[in-house]
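Summary of structural features
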Amino acid sequence: MSSINLHYDVPGDDFTRAGEASSEVKRKLKQLGYNSDAIRRVAIAMYEAEINMVIHANGGVAQVQIYPDRVDIQMKDQGPGIPDVEKAMQEGYSTAPDNVRSLGFGAGMGLPNIKKYTDEMRIETEIGKGTDMYLSVHVKE
């Protein structure tokens, strides 16, 4: 296998559909026989990124490339951008509105969890234009 490319549209402001892309990727990795640790790490990181897109950016797109030794994920949105990435990376820091918090989201663990469960994480963001997040999970035997 060289690589498998998957594309998903992440709907904005729809918590009932949030997580569909990460669930699909999780199913695909299981079908392909990836180990449970890699599957879990990909699913958690991608789910957190999806939720961030739903809460903050009115959705976006997810591009996933599955290789034998790693899974690369690009999450791209056209939201407001992240004013202070360093601050946003702190556990518990959140700019989620109260109505989102009342649903159980927006606890400020999204970006810290993404960093925790990936081997590589890069954020490119521009105020008023959006955010691109590049994630990679290495598959260990």
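Heads up: the structure comes first, above all this text.
Residues numbered from 1 in each chain as written. Predicted model: local features only at pLDDT ≥ 70, side-chain atom pairs only at ≥ 80, totals over all residues. Heavy atoms only, no water.

As for the nonpolar core
Ranked by internal contacts, the top residues of the largest apolar core, which has 36 residues, are M46, V64 and M75. Sorting the residues of this core by element identifies β1 (4–11), α1 (20–32), α2 (36–56), β2 (59–66), β3 (70–76), α5 (110–117) and β5 (130–138) as the ones contributing at least two each. Here M75 is in contact with V10, M46, A49, E50, M53, V61, A62, T131, D132 and M133, once residues within four sequence places are set aside. (Core = buried A, V, L, I, M, F, W, Y, C linked by side-chain atoms within 4.5 Å. Buried < 20%, exposed > 50% of the residue type's maximum accessible area, 1.4 Å probe, protein only. Helix = DSSP H or I, 4+ residues; strand = E, 2+ residues; numbered from the N terminus. Contact = heavy atoms within 4.5 Å.)

Re the side chain of E50
With respect to the helices and strands, E50 occurs in helix α2. For the buried E50, no salt bridge exists, and the shortest N-O distance to an oppositely charged side chain is 8.6 Å, to R17. Setting aside its immediate chain neighbours within four residues, E50 contacts V10, A18, G19, E20, A21, S22 and M75. (Lys, Arg positive; Asp, Glu negative; His and termini not counted. Salt bridge = Lys/Arg side-chain N within 4 Å of Asp/Glu carboxyl O.)

Points about α2
Look at α2: 30 Å from first C-alpha to last across 21 residues, which is about the 30 Å you get at 1.5 Å a residue. For α2, the buried fraction is high: 15 of the 21 residues fall into the buried class. The opening residue of α2, the one whose side-chain oxygen lies 3.2 Å from the backbone nitrogen of D37, is N35. Once α2 finishes, N58 follows within two positions and takes phi at roughly 55°, a positive value. (Expected span 1.5 Å × (residues − 1). Polar contact = N/O pair within 3.5 Å; in protein donor to acceptor, adjacent residues only side chain to side chain.)

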